[in-house]
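Chain residues, written in single-letter form:
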Amino acid sequence: TTLGVRTVAIRHRHAADRETKHVHTEFGTVHVKVKRLGVEPVAAMPEYEDCAKRAAAAGVSLKRVYDAATAAALALLAEMRERTPAVAEAEEVG
């Protein structure tokens with residue numbers, strides 16, 4: 001028997017827009033990447049390097065800082081979605 005590799009041609013790729021914001025945590029400011037599909041903000045993730053620097057400076061685990069930054073990023077995402085008219089209207093209807 002042989003192992004095969006299947007390949008599939010990509011005909012069209014959608015690239016999401018990204019923007020950088022910042023959030024405040026108990027450990028300091030952390031940059032967050034916000035992903036958008038069209039005008040809708042759909043995801044927000046903290047920057048690993050910022051979290052690592054804040055953890056080292058505070059003498060705490062990276063996970064603790066990353067979790068705090070993720071919580072702040074999700075709160076930011078919720079705020080941004082409330083301010084996006086198309087998203088707010090869709091959530092009211094649904």
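Since the structure is predicted, the reported quantities are computational estimates derived from the model, not experimental observations.

Before going further, it helps to spend a moment on helix α1 (residues 48-58). Along α1, the positions that sit buried rather than exposed are Asp50, Cys51 and Ala55. Viewed along the axis of α1, the buried residues span an arc of 130°, placing them on a single side of the element. More than 90 degrees from the buried face of α1, the exposed residues found are Glu49, Lys53, Ala56 and Ala57. Taken together, the buried residues of α1 touch β2 (28-37), β3 (40-46) and α2 (62-83).

Now for the nonpolar core. Note that soluble globular proteins tend to have their nonpolar side chains buried in a common cluster. With 15 residues, the main nonpolar core has Val23, Val32, Val34 and Ala44 as its most contacted residues. The biggest single contributor to this core is α2, with seven residues. For Val32, the contacting residues outside a window of four places in its chain are Glu19, Thr20, Lys21, His22, Val23, Ala44, Met45, Pro46 and Ala73.

The first and last C-alpha atoms of α2 sit 31 Å apart over 22 residues, in line with the 32 Å expected at 1.5 Å per residue. Three or more residues of α2 are buried, namely Val65, Ala69, Thr70, Ala72, Ala73, Leu76, Leu77 and Met80. For α2, the elements touching its buried residues are β1 (17-25), β2, β3 and α1.

Cut-offs and rules
- Residues numbered from 1 in each chain as written.
- Predicted model: local features only at pLDDT ≥ 70, side-chain atom pairs only at ≥ 80, totals over all residues.
- Heavy atoms only, no water.
- Buried < 20%, exposed > 50% of the residue type's maximum accessible area, 1.4 Å probe, protein only.
- Helix = DSSP H or I, 4+ residues; strand = E, 2+ residues; numbered from the N terminus.
- Arc of directions from axis to C-beta.
- Contact = heavy atoms within 4.5 Å.
- Core = buried A, V, L, I, M, F, W, Y, C linked by side-chain atoms within 4.5 Å.
- Expected span 1.5 Å × (residues − 1).

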